[in-house]
Amino acid sequence: MPRHDVVIIGAGPGGYVAAIRAAQLGFDVACIEREEALGGTCVRVGCIPSKALLVSSERFREAREDLGEHGIGVGGLELDLGAMMVRKDRVVKANSDGVTFLLKKNGVTCYQGSAEIVAPGRVVIRDSETTVEAEHTVIATGSRVAPLSGIEPDGDRIVTSSEALAFSEVPEHLAVIGAGYIGLELGLVWHRLGARVTVLEYLERILPGMDAEIAGEALKAFRKQGLEFHLGARITGASTSGNRVSVEVEGADKITCDRLLLAVGRLPNTDGLGLGRLGVAVGERGQIEVDERFRTSVPGIYAIGDVVRGPMLAHKAEEEGVALAEWLKTGVGRVNYAAIPGIVYTEPEIAAVGQTEEQLKEEGVPYRKGSFPFSANGRARTEGVVEGKVKILAHAETDRILGVHIIGAGASDLIAEAVVAIEFGASAEDIARSVHAHPTLAEAVKEAALAVDGRSLHL
Ligand code: NAD
């Protein structure tokens, strides 16, 4: 029977990064993945393919709507959706192959099949009837699409994000349930490619959890682009007839579309792992309960990523994978949950780290706020991306940065500076006094930091 020091179930960002770090630290590591391609949801049917399509669809939109202003005429513009999908699949394969390469390079033994923990330290790989033993077992099985009562995805007309990344034609009218990360990113992809898109959101706002002022600006920007939103919409059911889908909204007219995307969140993947029999404690929302060292209630079994508490984000899972491997080797590991950025890769992009203004008010924390619009940033003007702003929230007495919220082009990269600032316990003054190259979008971050003290230079 093969024996390893650490066996990791799942080769997504949590699992494969944990495997690499554990191998670097000298452990004999095995990784079990049920899918043929490694990389998990993120690489196969999440972050990577969605970003590939976001880029392609934005290029198409730009050619159609913006290039004329630059004096560039594009005659006979055509969409070859097949070619766009081929490119996306190529990008996905390159990333997945990259994970395979990294695991091999680090000496990680990979097994394919569905794993079940039959006893602490003993894992059966169902499809191959192999049993492996290990001192430490790590569950990194990720998450799946959350269901919604009355909505039965059929993989064709009523779909989840996986199918919405691979439609063979542009929908005429795509309805999306949920104005979160997935609903907005994929809604925008298909809108840019020519679909009418209607987003149905249960709450009276979009992007719950994000700073309300920024989410309000995002809603305005998306509406201006032509996306339709029904807020406060309670969906009670959907039925398909031929190629039409009829969506029932409580207290409102039915919505008829040709494709319906369900994007109301995700649930931890814990089925079939044998957790009940082992007595691994699972919380109310299906998440595996862990302590700060990622130990479950059963000694020798650990869990990281989407299956445990916290945001379901690839980079959070990766950090937990690294911290767990370090805990196992050295007895020390750390994830700073106060500095985990969240990014929506729409246009404008939306990025945030730390606390929102609402959270600070609720907790009674005294704060000062500095904002700076991209419309006053030289580089943004040259690029024609003047929409949005940077907003910095700092403690009123200590000036320590508590939250940074950005809406605008490049927000996904600009937020890295804010993450480092929070990680280092920086003050707004620290950013304000750091030289930011001109002309760059990052100058808007510096100006927002200056604005915390009421001394923006370019406004
Ligand atoms: P989400 O939690 O981001 O958004 C779900 C949305 O659906 C929310 O706005 C919620 O209020 C709404 N909703 C819930 N129930 C509803 C109902 N009955 N009717 C209408 N609306 C309803 O979830 P998601 O967009 O499905 O994404 C799933 C996970 O994947 C998230 O945790 C997210 O972190 C992750 N993800 C991240 C990225 C990224 O980092 N850019 C991209 C895609 C997904």
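Scroll up for the structure.
These figures come from a predicted structure and were not determined experimentally. Throughout this description, residue numbers start from 1 for each chain and increase along the sequence as written. Only residues with pLDDT of at least 70 are given local features in this predicted model, and only at 80 or more are side-chain atom pairs given and counted; all residues enter the totals for whole chains, interfaces and linings. Side-chain measures were taken over the full set of non-hydrogen atoms in the model, leaving aside hydrogen atoms and water.

## Looking at the nonpolar core
Then step 1. One finds W190, I206, L207, F222, F229, L261 and I350 to be the most contacted residues of the largest nonpolar core, which totals 38 residues.
Then step 2. Contributions of two or more residues to this core are made by α3 (47–65), α4 (81–105), β9 (173–177), α6 (181–192), β10 (196–200), α7 (212–225) and β19 (349–354).
Then step 3. Beyond its immediate chain neighbours, meaning those up to four positions away, F229 contacts A179, L184, V199, I206, L219, F222 and R223.
Then step 4. To qualify as a nonpolar core, a set must consist of buried Ala, Val, Leu, Ile, Met, Phe, Trp, Tyr and Cys residues joined through side-chain atoms within 4.5 Å. Each residue gets one of three labels from its accessible area relative to the maximum for its type: buried under 20%, exposed over 50%, partly exposed in between, using a 1.4 Å probe on protein chains only. By size, the runner-up hydrophobic cluster in this structure holds 33 residues, among which are A351, F374, I431 and A449. Secondary structure elements follow DSSP: runs of H or I no shorter than four residues count as helices, runs of E no shorter than two count as strands, and numbering proceeds from the N terminus. Every residue pair with non-hydrogen atoms within 4.5 Å of one another is taken to be in contact.

## As for the pairing of β9
Residues in a regular strand project their side chains so that they alternate between the two faces of the sheet.
Then step 1. The element β9 is extensively covered by neighbouring structure, given that five of its five residues are classed as buried.
Then step 2. Residues H173, A175 and I177 point to one face of β9 and L174 and V176 to the other, with burial holding for every one of them.
Then step 3. Strands qualify as paired when DSSP identifies two bridges or more between them. Sheet topology places β9 next to β10; five bridges connect them, and they run parallel. Its bridge partner lying in β10, A175 is registered against T198.

## Some remarks on the pairing of strand β1 (residues 3–9)
Then step 1. Taking burial as the measure, the seven residues of β1 include five buried ones, the bulk of the element.
Then step 2. Of the strand pairs in this sheet, β1 and strand β6 (residues 130–139) are connected by six bridges, and their pairing is parallel. Each residue of the ladder has a partner; that of R3, found in β6, is E133.
Then step 3. When β1 meets strand β2 (residues 29–33), the two strands line up parallel, connected through four bridges. When the sheet's bridge partners are listed, V6 is paired in β2 with V29.
Then step 4. Seen with the strands pointing away from the viewer, any crossover whose path from the first strand over the helix to the second strand runs clockwise is right-handed. Regarding the hand of the β-α-β motif, the stretch spanning β1, helix α1 (residues 13–24) and β2 is right-handed.

## Considerations on the packing of α3 against α4
Then step 1. Here, axes are lines fitted to C-alpha atoms. For helices the fit covers the stretch in contact, and angles between N-to-C directions go from 0 to 180 degrees. As a packed pair, α3 and α4 sit with axes 9 Å apart at the nearest point and diverge in direction by 145°. In this structure, the crossing between α3 and α4 has a hand that is right-handed. Of α4, the residues touching α3 (which contributes I48, P49, A52, L53, S56 and S57) are M84, M85, R87, K88, V91, V92 and N95.
Then step 2. When grouped by side-chain class, the residues that make up the contact of α3 with α4 number eight nonpolar, three polar and two charged. If you view the pair so one helix is near and one far, a crossing is left-handed when the near helix is turned anticlockwise from the far one by less than a right angle, and right-handed when it is turned clockwise. Each residue is assigned to one of three groups, with Ala, Val, Leu, Ile, Met, Phe, Trp, Tyr, Cys and Pro labelled nonpolar, Asp, Glu, Lys and Arg labelled charged, and all others, Gly among them, labelled polar.

## Things to note about the site of the ligand
Then step 1. Looking at the ligand, there are 22 residues lining it, with I182, E185, E201, G265 and I343 nearest.
Then step 2. Here a polar contact is taken to be a pair of N or O atoms separated by no more than 3.5 Å, where protein atoms must pair a possible hydrogen donor with a possible acceptor and residues adjacent in sequence count only if both atoms sit in side chains. The side chain of E201 places a nitrogen or oxygen atom 2.6 Å from an oxygen atom of the ligand.
Then step 3. One nitrogen or oxygen atom from the main chain of Y202 is found 3.1 Å from a nitrogen atom belonging to the ligand.
Then step 4. Considered on its own, the ligand offers 840 Å² of accessible surface; in the complex 81% of this is hidden by protein.
Then step 5. At three residues, the largest contribution of residues to the shell around the ligand is made by α6.
Then step 6. Residues of the shell around the ligand, tallied by class, amount to 15 nonpolar, three polar and four charged. We call a residue near a molecule or strand when any one of its heavy atoms sits within 4 Å of it. All accessible-area figures derive from a Shrake-Rupley calculation using a 1.4 Å probe, and residue coverage is judged against the displayed protein chains alone.

On their own, these measurements won't tell you what the molecule is for.
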